[in-house]
Every structure is written in structure tokens, then in C-alpha cells.
Amino acid sequence: MSTPAAGAAILAPRRSSRFVAWVRAWRAGLVPFDEVADAVAGTEEHLVADAPGTWTDVPLREALPTLAKLSPDEIRLVLPAPGDPRGLPGPGDFAGAALLAGEAVIAGALGLIPEVRVHTSGSGDTFETVLWRVHPLPANAPAACLTLPGAAEAEAELAAALADTTAALTRLDVAQWRPELAGALEALRRPDGTTDLPPGFDPRSRRLFARAAVLDRVLALAGHAAPGGAVNNYEAQQRDAALRPLTAACRQALVAACNAPLRP
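Residues numbered from 1 in each chain as written. Predicted model: local features only at pLDDT ≥ 70, side-chain atom pairs only at ≥ 80, totals over all residues. Heavy atoms only, no water.

Colleague: In this structure, what is going on with the packing of helix H2 (residues 15-27) against helix H3 (residues 33-41)? I would like to understand it.
Modeller: Two quantities define a packed helix pair, namely the angle between the helix axes and the distance between the axes. Following both chains from N to C, one finds H2 and H3 inclined at 175°, their axes separated by 9 Å at the closest point. Relative to H3, the element H2 is oriented roughly antiparallel. Facing H2, whose interface residues are Arg18, Phe19, Trp22, Val23 and Trp26, H3 presents Phe33, Glu35, Val36, Ala39 and Val40. Residue classes in the contact of H2 with H3 are distributed as eight nonpolar, no polar and two charged. (Axes fitted to C-alpha atoms, helices over the stretch in contact; angles between N-to-C directions. Helix = DSSP H or I, 4+ residues; strand = E, 2+ residues; numbered from the N terminus. Parallel < 35°, antiparallel > 145°, perpendicular 65-115°, else oblique. Contact = heavy atoms within 4.5 Å. Nonpolar A, V, L, I, M, F, W, Y, C, P; charged D, E, K, R; others polar.)

Colleague: What is the right way to look at helix H5 (residues 93-101) in this model?
Modeller: Along an α-helix, residues three or four apart share an orientation, since each turn contains 3.6 residues. For H5, the complete set of buried residues consists of Phe94, Ala95 and Ala98. One side of H5 carries all its buried residues, which in axial view fall inside an arc of 95°. When the buried face of H5 is taken as reference, the exposed residues oriented beyond 90 degrees from it are Asp93 and Leu100. On the buried face of H5, the contacting elements are strand S4 (104-107), strand S5 (110-120) and strand S6 (126-136). The positive-phi residue at the C-terminal boundary of H5 is glycine 102, with phi of around 80°. (Buried < 20%, exposed > 50% of the residue type's maximum accessible area, 1.4 Å probe, protein only. Arc of directions from axis to C-beta.)

Colleague: Please explain empty space enclosed by the protein as it appears in this structure.
Modeller: By rolling a water-sized probe across the atoms, one finds the places where empty space is left. By the definition in use, this model includes two cavities of 30 Å³ or more. Taken as a whole, the largest cavity spans an internal volume of roughly 80 Å³. Looking at the largest cavity, the residues that line it are Phe19, Val48, Ala51, Pro52, Leu60, Ala63, Leu64, Thr66, Leu67, Leu110, Leu112 and Val134. Along the lines of polarity and charge, the residues of the lining of the largest cavity split into 11 nonpolar, one polar and no charged. (1 Å grid on protein atoms, 1.4 Å probe; cavity = no way out; pocket = protein on both sides within 12 Å on 5 of 7 lines; lining within 4 Å. Points joined across faces, edges and corners; volume = space filled by probe spheres on them.)

The following block contains the structure:
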């Protein structure tokens, strides 16, 4: 049975994944420039800070021409985590900020990291804006993402990790203290075939992205403590240990899908 949590899990892919997928499709000539900024931002306001040739924050649409000379393969998604910096171009300010954010974009000699800002209106309503902060990458930075798995390997790793983790969570009786997870996992087992990827991505990449994007939200939900103190420290440690391999496989699946070769 579907739950609100399962629905929420389907709706919110990482901002960097949308950025990379749509900007790569634009640079491949598969989508027009006029569609890119709106596709990346959705209903949010997106600004860019420290873009070359600018002196203040500018709307995303005004900053995108900075990337107009890049090929699709020069634009890459990275989803680093503590202990797993794969894809980052060596140590530095960008790498540190990317690890803190958990996501980033590499675009030629530039790195972009989204910063989410929460605002409250005079009437008490809250809304978010996204500021993409641009970092120059070191001139001698190694090529990023060359050792990461392709879509086929990432899909196999994700399937294996999902099976192992589901069994572990069942043994831990996660549904008892986080019942909405059961609905979210069920939604994951029955992907509806929709995808946020633009034209140019092959069916495997679309399938992988659709599943990994849902799973990304499920894992975010699982990482929160259950209401009412239903989880003690020992149970939380067990949960985190069970989820860790799946979290890593999910991140690499999103990277592999968004960075996959594009087809006309």
C-alpha cells in the first residue's frame, strides 16, 4: 500500500543530479538552452555565486553560458562522502565543500556546489532558494570519475545491496519503529518507469536513475530518528550499519546514471 512517505520519496532528486543531466543534454545539442535553467530549478529560485565574469549573485540562466564551450563528458556528477571521496579532483577548498554538502558538479575547470537557503516570509511561510557556489579547480587536478563504475556495474551493485539491506532491515524489524519505510521500500520495488532525465540517456541509465532517485529519498527518511524515541542508540547503530552499503551503492548508481554516455 502506498504511503505519503513513499510519495515524497519519489519527488526529490538531488539538485546536482538534475543540473548535470540537463546541462550535459544541452551541451550535446539534445535540449535547447532555454529549457535548461527551468528544468534544473523546477519551482525553486536558483542563483549562482562567483561565476567567472560576474561581480554578484546572478540567476542560473545568466550563468549557464559560462559552460557553453564544454563537451558533455566534461560535466560530471560527484556524490562524495566521508571516507569515500571518489570523483573529487584531489584535496582543496572545492573537495572540502563538496564532502560537506555531499554533492557537487564538476564542469571543466570549475566546480559547483549547491547551498540551500531557507527563508521565512512575513506571513510565516517558508521557502527555499538555491545558491550554486562556483569554485575554480586546481590546474593540475586529476581527471574526475575515471575509476567509477558504469551503469551496468552500478545497477548490479545496487540490486545486490538492496536485497541484502532489505533482509537486514527486516531482521531489525524497522517497520515497527519507522512504519512509513515499509511503504517507501514497496514503492521502490515497483518503479513506475518515470524519470527526470532529459533526452539522450539510454534505457538502462533511465531505469537506474529512477530507482536510485527513489532510494535516495528512502535512505534520507531512514536516517532520521523515529518519533517518540522508539529507537535507542544500539538500534540506531544497527540501522546505520545495515544502510551503509546500500547508501554507497545508491550514490554510485546516481553518478553512473547521470554521467552515462549520451545518444543522439
